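Coordinate analysis (summary)
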Amino acid sequence: MTLRVVPMGGLGEIGLNSMLFDDGDSAVLVDAGLMFPDDTMLGVDYVVPDFTALRDLAPHLKALLLTHGHEDHIGAVPFLLKELDIPVYGTRLTLGLLRNRLEEHGLGGKARLFPIARDGRFRLGSLDVEAFPVCHSIPDGVGYVLRCAEGVFVHTGDFKLDPSPLDGVPTALERLRAIARTEGVTALFSDSTNVEHEGVSPPERFVGEALEEIFGQAPGRVIVAMFSSNIHRIQEALRAAASCGRRVALCGKSMVRNVGTAIELGYMTLPHPGILVPVEETADLADRTVSVLTTGSQGEPRSALTLMALGEHKHVKIREGDTAVLSSKFIPGNERAIASVINRLFLAGADVLYEKISEVHVSGHGSRDELRAMIRAASPRHFIPVHGEPRLLIRHRKLAEEAGVPHSEVALNGDVLEFSGGAMSRAGKVEVGRRFVDGKGVGDVESLVLKDRFHLSQVGLVMVVVALSSTTGELLYGPDIVTRGVVTESGSEALVEGAREEVLRTLEEAGAGARTDSSEMQTDIRRALRRYFNKRLERKPVIVPVLLEL
Ligand SMILES: [Zn+2]
Ligand SMILES: [Zn+2]
């Protein structure tokens, strides 16, 4: 027997975490996350793995195991379940957050969700699965120990070693030590996100203390932006607000929904029953008694925070005296958008606090000392760094080597690793595709469409509308020319007029007969205008002729 491990995403990139474990008899997928798009992916809301390959790759896929409720671990589950109807295992909060997403995709009633305890152990075919608790920026996180004929495999999920966890449950290093001692760990797959940071990551509690100070000192309203899945932090913000006599308004659909889920499942408690206030009622309260928790910490263009900064939010418009806090990491790829929203907030008169200048964010991922402690506890024979861009994976591998792990390997998405007879080897590569999702997954974007959008943003668009008689070829309307992103206001009229004449000349030269063949006319017009714009502007805008036959 052989255990095959295939990273479907998250190895070589940030986000999109998903990893397949397959012993030939049974297979499980650990996590199915999404990735937020970078600057080149215009109009794309997020990216998910293409799971169609799984059908061939692992026909005996038994289940999806979830480590915790962050988007980069559960965000692609609706897309997975549309491809493959498999049961999903996770802790109660993780499944609660997932259920909200599934409902958005109309899968609420259909999905088979099995809640597990944080130290639960169960069997899936030939695989023995044991969860173990880990600390992270969201409650109810776990890692997994997978046992099969080829050994014991440990996947940490996202973790840190918080010495004073908010829910009182530490990362289960003790349990891993016991497993290492009694059974031996064949391979450890560990979170690389924070390998560039020396020492240890501060406990989540720190953010609560920082927020308390800000809530206490700010002269007016305090608007705090964070990820809506950061349940620990929302809880801390509620506590800090209450202790400073502020009430809290929640902004953003996912913020409202996730808080509801966390309260309902008992993962969040309100400091007092009157703490929450509808955002539309904050205008009636004194500024010093108001705090707003909102989404949009990554500078997302349509998020509540951006709208507030632009003065376009229905209920909260940023003004002099406000304090805005961005309580989250600047995710690589989003820096520009975040900087832009910070600038907007300053321009609107707010004081702005963010990661670089204040303790308003701590990482949910372990730093080097914690990563070392994890490696020592599991003392694996083999080590595979997970979660992160290549440089993080490579640095984490070095760390493991320094810590004395006999064999470690950097694998990227699609690289197949095989474990057999206690040895690890590489076994080629499988194609792991990507899907670009636009909106709520209704219109999935092909990478071709994406290329078009990128191209359009660079070169602009010229649309020509012409109506011709389908019988005589006579010109009935137009040519009407609309340009986008091609010409500036000044000088555009002459240019467009020139283009109109070019189209008229093309129609004339074609003659009445050819004018009844719309595909030929489209080609001719496109060619003529391409030549025209290239000559006049040295640019090649996308030309879209629209021919109406009447
Ligand atoms: Zn996470
Ligand atoms: Zn993560």
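Please read these numbers as outputs of a predicted model, since none were measured by experiment.

Parameters and conventions
Residues numbered from 1 in each chain as written. Chains lettered and ligands numbered in written order. Predicted model: local features only at pLDDT ≥ 70, side-chain atom pairs only at ≥ 80, totals over all residues. Heavy atoms only, no water. Donors = N, O, S within 2.8 Å, 3.2 Å for Na, K, Ca; no water. Tetrahedral: all angles 85-135°; square planar, octahedral: opposite > 155°, others 65-115°. Helix = DSSP H or I, 4+ residues; strand = E, 2+ residues; numbered from the N terminus. Contact = heavy atoms within 4.5 Å. Polar contact = N/O pair within 3.5 Å; in protein donor to acceptor, adjacent residues only side chain to side chain. Pairing = 2+ DSSP bridges. Axes fitted to C-alpha atoms, helices over the stretch in contact; angles between N-to-C directions. 1 Å grid on protein atoms, 1.4 Å probe; cavity = no way out; pocket = protein on both sides within 12 Å on 5 of 7 lines; lining within 4 Å. Points joined across faces, edges and corners; volume = space filled by probe spheres on them. Nonpolar A, V, L, I, M, F, W, Y, C, P; charged D, E, K, R; others polar. Expected span 1.5 Å × (residues − 1). Buried < 20%, exposed > 50% of the residue type's maximum accessible area, 1.4 Å probe, protein only. Arc of directions from axis to C-beta.

1. So, the coordination of the zinc ion (ligand 1)
- Those donors, His68 (NE2), His70 (ND1), His136 (NE2) and Asp158 (OD), are the protein atoms that reach the zinc ion (ligand 1), and they lie 2.1 to 2.3 Å from it.
- Each of the 4 donor atoms bound to the zinc ion (ligand 1) contributes to angles spanning 89 to 168 degrees, and the resulting shape is irregular.
- Motif for the zinc ion (ligand 1), donor spacing along one chain: H-x1-H-x65-H-x21-D.

2. Let's talk about the environment of Ala510
- In this structure, Ala510 sits in helix α14 (residues 492-514).
- Setting aside residues no more than four positions away along its own chain, Ala510 makes contact with Arg515 and Met521.

3. A closer look at the side chain of Gln235
- Structurally, the position occupied by Gln235 is in helix α7 (residues 231-243).
- Polar side-chain contacts of Gln235 include one of 2.8 Å to the backbone nitrogen of Thr269.
- Contact partners of Gln235, with chain neighbours within four places excluded, come to Tyr267, Met268 and Thr269.

4. Concerning the sheet that holds strand β13 (residues 222-225)
- The strand order across the open sheet built from 5 strands is β14-β15-β13-β16-β17, with neighbouring strands paired in parallel fashion. Every interior strand has two partners, whereas the edge strands, β14 (247-251) and β17 (351-354), have only one. When the angles between neighbouring strand axes are averaged without regard to direction, this sheet yields 20 degrees.
- Here strand β16 (residues 323-326) runs beside β17; their pairing, made up of 4 bridges, is parallel. Across the sheet, the residue bridging to Thr323 is Asp351, located in β17.
- Where helix α8 (residues 253-264) meets the sheet, it contacts β14 and β15 (290-294), and its direction lies at approximately 120 degrees from that of β14.
- Lying over the sheet, helix α10 (residues 335-347) contacts β16 and β17, oriented at roughly 150 degrees with respect to β17.

5. Re the layout of surface pockets
- One number sums up the size of the second largest pocket: a volume of about 710 Å³.
- What lines the second largest pocket is a set of 36 residues, and nearest its centre among them are Ile14, Asp72, Phe227, Lys329 and Ile331.
- When residues in the lining of the second largest pocket are grouped by element, the largest group, 3 residues, is from helix α2 (residues 71-74).
- Within the lining of the second largest pocket, the residues separate by chemical class into 10 nonpolar, 18 polar and 8 charged.

6. Let's talk about α8
- Taking 1.5 Å per residue as the helical rise, α8 with its 12 residues ought to reach 16 Å, and the 17 Å between its terminal C-alpha atoms agrees with that figure.
- The set of residues buried in α8 consists of Met255, Asn258, Val259, Thr261 and Ala262. Down the axis, α8 shows its buried residues gathered within 160 degrees of arc, on one side only. Set apart from the buried face of α8 by more than 90 degrees, the exposed residues are Lys253 and Glu264.
- Packed against the buried residues of α8 are α4 (92-104), α7, β14 and β15.
- Once α8 ends, the next one or two residues include Gly266, with phi positive near 85 degrees.

7. Looking at the coordination of the zinc ion (ligand 2)
- All of the protein donors around the zinc ion (ligand 2) are Asp72 (OD), His73 (NE2) and Asp158 (OD); their distances to the metal are 2.1 to 2.2 Å.
- Expressed as a motif, the donor residue spacing for the zinc ion (ligand 2) is D-H-x84-D.
- Taking the relative accessible area as the measure of exposure, Asp72 reaches 22% and is therefore partly exposed.
- A relative accessible area of 0% means that His73 is categorised as buried.

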